[in-house]
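# Residue-level structural notes
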Amino acid sequence: MLELGIGMFGDLQIDPKTGQIQSTQQRLQEIIEEIKLMDEVGLDFFGMGEHHRADYAVASPEIVLAAAATVTKNIKLGSAVSVISSTDPVKLYQDFATVDLISGGRAEIMAGRGSFIESFPLFGYDLKDYSELFEEKLDLLLRIKKNETINWTGKFRKSLINQEIHPRATEKGLPIWIAVGGTTSSVIRAGKLGLPVMFAIIGGAWEQFTPLFEMYKQAYEDNGHDMTKFQVGVHMHAFFGEDSKAVAEKYYPIYGAQMNRIGASRGWPPYQKSQYDFGRSAHGHLIVGDANESIDKILAVQEAFGLTRFSAHTDVGSPDHKDMMKAIEIYGTKIAPKVREATK
């Protein structure tokens, strides 16, 4: 059955007139309330992003997830993503093993390169080592997950000689997902390793990802991995409301402002309403509308790609907390039941 959940980056609200940024404390408290509601309405998983910027609330997903573990019962709690290239895999494993123990085996790690590069200078890494860092640290993380005692030598940290890593995760084993954008090498690597993949479809037409899905599945099969354990998901920008036109109109300025903030640092042209409208169309990357429209689009993507997981990224631009709570309620009570029934 398709797993349905939510991913967040912890965007802080920014007043369009004054430029004042929302209190990080306030947003963190709101996020915990939102995760609690996700659990109550029966969503399957939650993912928290890692950022090291003034306009995002969360630098350490594992701390937020540990707090969420104490107010939830069933929902899986993971990162979205942990920037593995600029962190220490030993500490990353220890932190998430701790969340796993607190939550009774509900923790996950989603390893990725991240949406921004600020963590590299912050933690003393060189961007020229971008790819090598990811490969080496992922290798170490996977070894730590498998073995309590580690013997390992790499390029970017001191060797580990007969080193025990504690605490250990529960018997469920702390699942590790790989987050990818459009990088062919990352897709093939994940397939070879037999790791579940989350594709970030955050622009253009979602059908354009078809070759990458096929490539991943082929690499997974060619390397002898058990297809009964095959897992693949998509992460798409989404927001839900009672009335499709009303929620689309209300969300556009919030979403557009965030696209322009990000685009200003990346040389993108100003975000256009036509891009938003295409994104909301049957072929676009956005799922913004009422329950029925959202159900149809999620099912279309699921059927095309054989998804086992769908992640709705609902806090792009940081909509108001009460609107977030309403969107979560609609997702859990109106969208999820019908999608699950259709994908049994």
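Just so it is clear, the structure is predicted and the values come from calculations on it, not from any experiment. (Residues numbered from 1 in each chain as written. Predicted model: local features only at pLDDT ≥ 70, side-chain atom pairs only at ≥ 80, totals over all residues. Heavy atoms only, no water.)

## A short note on the side chain of Glu118
When you line up the elements, Glu118 lands in the loop between strand 5 (107-112) and helix 4 (119-122). One buried charged residue, Glu118, forms no salt bridge at all, with the nearest opposite charge on Arg53 at 4.5 Å. Setting aside residues up to four positions removed in sequence, Glu118 forms contacts with His51, His52 and Arg53. (Helix = DSSP H or I, 4+ residues; strand = E, 2+ residues; numbered from the N terminus. Buried < 20%, exposed > 50% of the residue type's maximum accessible area, 1.4 Å probe, protein only. Lys, Arg positive; Asp, Glu negative; His and termini not counted. Salt bridge = Lys/Arg side-chain N within 4 Å of Asp/Glu carboxyl O. Contact = heavy atoms within 4.5 Å.)

## Concerning helix 10 (residues 291-305)
In this model helix 10 runs 21 Å from its N-terminal to its C-terminal C-alpha over 15 residues, within 8% of the 21 Å that 1.5 Å per residue would give. Two or three places before Asn292, at the start of helix 10, stands the capping residue Asp290, its side-chain oxygen 3.3 Å from that residue's backbone nitrogen. Following helix 10 by one or two positions, Gly306 adopts a phi angle in the positive range, close to 65°. (Expected span 1.5 Å × (residues − 1). Polar contact = N/O pair within 3.5 Å; in protein donor to acceptor, adjacent residues only side chain to side chain.)

## Re the packing of aromatic side chains
Going through the model one piece at a time under the given rule, you end up with 18 aromatic pairs. Each ring, one from Phe199 and one from Tyr216, has its centre 6.4 Å from the other, and the planes form 75°; the classification is edge-to-face. Taken together, the residues Phe199 in strand 9 (residues 197-201) and Tyr216 in helix 7 (residues 210-222) connect sequence positions 17 residues apart. Residue classification places Phe199 among the buried residues on the basis of a relative accessible area of 0%. Ring pairs connect the aromatic residues Phe199, Trp206, Phe209, Phe213, Tyr216, Tyr220, Phe230 and Phe305, which therefore count as one cluster. Between Arg53 and the ring centre of Phe116, over which it is positioned, the NZ or CZ distance is 4.1 Å. (Phe/Tyr/Trp six-rings, centres within 6.5 Å; stacked < 30°, edge-to-face > 60°. Lys NZ or Arg CZ within 6 Å of the ring centre and 35° of its normal.)

## Side note on the packing of helix 10 against helix 11 (residues 321-342)
The N-to-C vectors of helix 10 and helix 11 enclose an angle of 40°; their axes lie 10 Å apart at closest approach. When the axis of helix 10 is compared with that of helix 11, the two are oblique. In this structure, the crossing between helix 10 and helix 11 has a hand that is right-handed. Each of Ala291, Asn292, Ser294, Ile295, Ile298 and Leu299 in helix 10 lies in contact with helix 11, whose residues at this interface are Ile330, Lys334, Ile335, Lys338, Val339 and Ala342. Across the contact of helix 10 with helix 11, the residue classes break down as eight nonpolar, two polar and two charged. (Axes fitted to C-alpha atoms, helices over the stretch in contact; angles between N-to-C directions. Parallel < 35°, antiparallel > 145°, perpendicular 65-115°, else oblique. Left-handed = near helix turned anticlockwise from the far one by under 90°. Nonpolar A, V, L, I, M, F, W, Y, C, P; charged D, E, K, R; others polar.)

## Things to note about the packing of helix 1 (residues 24-40) against helix 2 (residues 61-69)
Relative to each other, helix 1 and helix 2 sit at 50°, their axes nearing to 10 Å. In terms of axis orientation, helix 1 runs oblique to helix 2. Helix 2 is crossed by helix 1, and the crossing has right-handed handedness. Contact with helix 1, carried on its side by Leu28, Ile31, Ile32 and Ile35, involves Val64, Ala67 and Ala68 of helix 2 and no other residues of that element. The class makeup of the residues in the contact of helix 1 with helix 2 is seven nonpolar, no polar and no charged.

## Considering the side chain of His285
Among the secondary structure elements, His285 is positioned in the loop between helix 9 (273-280) and strand 11 (287-289). Ignoring anything within four residues of it in the chain, the contact list for His285 reads Ile201, Ile202, Gly203, Gly204, Met236, His237, Tyr255, Gly279 and Lys297.

## As for the environment of Phe45
With respect to the element layout, Phe45 can be found in strand 2 (residues 45-48). Filtering out sequence-adjacent residues up to four positions away, Phe45 remains in contact with Glu3, Leu4, Gly5, Ile6, Ile75, Lys76, Arg309, Phe310 and Ser311.

## Topic: the pairing of strand 9
For strand 9, the buried fraction is high: four of the five residues fall into the buried class. Pairing of strand 8 (residues 176-180) with strand 9 involves three bridges; the strand directions are parallel. Note on strand 9: the bridge partner recorded for Ile178 is Val197. Relative to strand 10 (residues 232-240), strand 9 runs parallel, the two being bridged by five bridges. Counterpart to Val197 in the pairing with strand 10 is Val232. (Pairing = 2+ DSSP bridges.)

## Points about the pattern of salt bridges
Per the stated rule, a full pass over the model turns up 23 salt bridges. For the salt bridge of Asp129 with Lys128, the shortest nitrogen-to-oxygen distance reads 3.4 Å. Of the residues examined, Asp129 reaches a relative accessible area of 10% and is grouped as buried. Among the salt bridges present, the one from Asp323 reaches Lys250, with a minimum N-O distance of 3.0 Å. Of this pair, Asp323 sits in helix 11 while Lys250 sits in helix 8 (residues 244-266), and the two are 73 residues apart along the sequence. The class of Lys250 is partly exposed, set by a relative accessible area of 47%.

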